[in-house]
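What follows is each chain in one-letter form.
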Amino acid sequence: ISLQASNPGQFEHDSDVLWQRGAAPETIAYHGRVGINTDAPDEVLVVCGNAKVMGRVMHPSDSRAKQNIREVDTNEQLRRITQMRLVEYDYKPEFASVMGIKDT
C-alpha cells in the first residue's frame, strides 16, 4: 500500500481516503479493516495471535455500562434455553488456514 500525505493530518490511499486525523488530539482514524498477522481481515479488527492489554477493555455487556440490573425468573429462562437451536460445526479448511486455526 502506498500512502501519501497530501495535507496535514490526512493521508490518501491511491484512490480512497482511509486515514485521517481523529476528533481527539493525537489520534488517527482508519476507515476500513485492519489485520494483525493476517492480510485478509474479515472484520474491522482481526488479531491472529495473542493480545496484551495494559488497561481496561470495555464491552457493551460490561456491568459498568448498565443500569437497572435485576434478577430474572430462572425457570422461565431455562424453558427458553431448551427452545434454542444448538449446533456443532467444523471450520472450512480455507478459513482455518487463513486464521491460523489448527483444530477445526
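In every chain, residue numbers begin from 1 and rise along the written sequence. Given that the model is predicted, a residue must reach a pLDDT of at least 70 before its local features are reported, and side-chain atom pairs must reach 80 or more before they are shown or counted; all residues, however, enter totals for whole chains, interfaces and linings. Only heavy atoms go into the side-chain values, all of them from the structure, while hydrogens and water stay out.

**Here's the deal with the environment of Thr-27**
Argument step 1. Mapping Thr-27 onto the fold places it in the loop between β3 (19-21) and β4 (28-30).
Argument step 2. Throughout, a residue-residue contact means that at least one pair of heavy atoms, one from each residue, lies within 4.5 Å. Once you skip the residues sitting within four places of it in the chain, Thr-27 turns out to touch Arg-21 and Gly-22.
Argument step 3. Each polar contact in these results corresponds to two N or O atoms within 3.5 Å; when the atoms are within protein, one needs to be able to donate a hydrogen and the other to accept it, and residues that are neighboring in sequence are counted only if both atoms are side-chain atoms. A distance of 2.6 Å separates the side chain of Thr-27 from the backbone oxygen of Ala-24, its partner in a polar contact. Runs of H or I in DSSP of at least four residues are treated as helices and runs of E of at least two as strands, each being numbered from the N terminus.

**Observations concerning the pattern of salt bridges**
A side chain with one charge may pair with a side chain of the opposite charge, provided their charged atoms come close.
Argument step 1. We define a salt bridge as a contact between a side-chain nitrogen of Lys or Arg and a carboxyl oxygen of Asp or Glu at a distance within 4 Å. On inspection of all chains with the given rule, the structure shows 2 salt bridges.
Argument step 2. Measuring nitrogen to oxygen at the nearest pair gives 2.4 Å for the salt bridge that ties Asp-62 to Arg-64.
Argument step 3. Only protein chains enter the accessibility calculation, which uses a 1.4 Å probe. A residue is then buried if its area is under 20% of the maximum for its type, exposed if over 50%, and partly exposed in between. Judged by relative accessible area, which is 14%, Asp-62 ranks as buried.
Argument step 4. Glu-76 is the partner of Arg-79 in a salt bridge, and the nearest nitrogen-oxygen pair spans 2.7 Å. Highlighted residues: Arg-79 and Glu-76, both in helix α1 (residues 74-82), separated by 3 residues, approximately one helical turn.
Argument step 5. Judged by relative accessible area, which is 30%, Glu-76 ranks as partly exposed.

**Quick look at the confidence of the model for the protein chain**
Argument step 1. pLDDT expresses, on a scale from 0 to 100, how confident the predictor is about each individual residue. Residues with a pLDDT of 70 or more make up 83% of the protein chain, whose mean pLDDT is 83.
Argument step 2. When mean pLDDT is taken per element in the protein chain, α1 scores highest with 95 and strand β1 (residues 4-7) scores lowest with 48.
Argument step 3. Note that residues 1-6 has pLDDT below 50 and, in this model, 14 contacts with residues that lie over four places away or in other chains.
Argument step 4. The low-confidence segment residues 11-15 (pLDDT under 50) makes 17 contacts with residues lying over four places distant or belonging to another chain.

**A word on the packing of aromatic side chains**
Argument step 1. Stacked, tilted and edge-to-face are the three classes applied to pairs of Phe, Tyr and Trp rings, where Trp contributes its six-membered ring and a pair requires centres within 6.5 Å; stacked means planes under 30 degrees apart, edge-to-face means over 60, and tilted covers the rest. According to the stated counting rule, one finds 3 aromatic pairs in the structure shown.
Argument step 2. For the pair Tyr-89 and Tyr-91, a centre-to-centre distance of 5.6 Å together with 75 degrees between the ring planes defines the contact as edge-to-face.
Argument step 3. Judged by its relative accessible area of 58%, Tyr-89 is exposed.
Argument step 4. Overall, Tyr-91 belongs to the partly exposed group, its relative accessible area being 32%.
Argument step 5. An angle of 35 degrees between the planes, with centres 5.3 Å apart, marks the rings of Tyr-91 and Phe-95 as tilted.
Argument step 6. Ring pairing ties together the aromatic residues Tyr-89, Tyr-91 and Phe-95, which thus form one cluster.

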